[in-house]
Amino acid sequence: MKRNVAINIETTQVCAFCKYWQDSRNSDILPHQTMQNVWQYNQKAKRMCMKKQEKTNAGFCCKNYSCKMLIMKSEPSENEPF
């Protein structure tokens with residue numbers, strides 16, 4: 001049974017969203033339907049890390065983290081300089 005957790009990929013670094021975590025079809029992640037940069041991931045998933053060469057849980061993190069998702073930046077408000 002999947003156990004999904006929602007996170008903001010702009011501020012959180014977990015293996016499920018790392019380019020070294022071997023989930024080429026992104027079957028363990030799902031975008032949140034209404035919130036920008038918020039995604040869900042299967043907390044119980046375990047896949048091979050190409051850097052560590054061992055299986056890691058989706059919720060783990062390490063110094064090798066590199067986000068595989070495109071992070072959307074907010075539009076500047078009228079009061080902010082360009």
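Further up the page is the structure itself.
Moving on: the overall build of the protein chain. Within the protein chain, the secondary structure is distributed over zero helices and five strands. The order of helices and strands in the protein chain, counted from the N terminus, is β-β-β-β-β. Within the span of the protein chain, comprising 82 residues, buried residues form 27% of the whole. In the protein chain, the share of contacts with a sequence separation of at least 24, taken over all contacts with a separation of at least 6, comes to 67%. Surface exposure of the protein chain reaches about 6,200 Å², of which carbon and sulfur atoms provide 48%.

On to the pattern of salt bridges, then. One pass over the structure, following the stated rule, counts two salt bridges. Between Asp23 and Arg47 there is a salt bridge, and its shortest N-O distance comes to 3.8 Å. In this pair, Asp23 is assigned in the loop between strand 1 (4-8) and strand 2 (29-31) and Arg47 in strand 4 (residues 46-49), connecting sequence segments 24 residues apart. Residue classification places Asp23 among the buried residues on the basis of a relative accessible area of 5%. Among the ionic pairs, Arg47 bridges to Asp28, the shortest N-O distance being 2.8 Å. With a gap of 19 residues between them, Arg47 in strand 4 and Asp28 in the loop between strand 1 and strand 2 connect regions that are remote in the sequence. Accessibility expressed as a relative area gives 9% for Asp28, which makes it buried. Three or more residues joined by partner-sharing salt bridges are found here, namely Asp23, Asp28 and Arg47.

Centre distance and the angle of the planes are the two values used to describe a pair of aromatic rings. Evaluation of the coordinates by the stated rule reveals two aromatic pairs. Residues Phe17 and Tyr41 carry aromatic rings whose centres are separated by 5.9 Å and whose planes lie at 85° to one another, so their mutual orientation is edge-to-face. Note that Phe17 is positioned in the loop between strand 1 and strand 2 and Tyr41 in strand 3 (residues 38-42), a separation of 24 residues in sequence. Exposure class is identical for Phe17 and Tyr41. Each is buried. Three or more aromatic residues link up through ring pairs in this structure, and these residues are Phe17, Trp39 and Tyr41.

Among the secondary structure elements, Asn37 is positioned in the loop between strand 2 and strand 3. Once residues lying within four places of it in the same chain are set aside, the contact partners of Asn37 are Ile7, Asn8, Ile9, Glu10, Leu70, Ile71 and Met72.

Looking now at the environment of Ile7. Here Ile7 is to be found in strand 1. Given a relative accessible area of 11%, Ile7 falls into the buried group. Separated by 31 residues in the primary sequence, Ile7 and Val38 have C-alpha atoms spaced 5.4 Å apart. Setting aside its immediate chain neighbours within four residues, Ile7 contacts Thr12, Val14, Phe17, Asn37, Val38, Trp39 and Tyr41.

The rules behind each value
- Residues numbered from 1 in each chain as written.
- Predicted model: local features only at pLDDT ≥ 70, side-chain atom pairs only at ≥ 80, totals over all residues.
- Heavy atoms only, no water.
- Helix = DSSP H or I, 4+ residues; strand = E, 2+ residues; numbered from the N terminus.
- Buried < 20%, exposed > 50% of the residue type's maximum accessible area, 1.4 Å probe, protein only.
- Contact = heavy atoms within 4.5 Å.
- Areas by Shrake-Rupley, 256 points an atom, 1.4 Å probe, with all protein chains shown as cover.
- Salt bridge = Lys/Arg side-chain N within 4 Å of Asp/Glu carboxyl O.
- Phe/Tyr/Trp six-rings, centres within 6.5 Å; stacked < 30°, edge-to-face > 60°.

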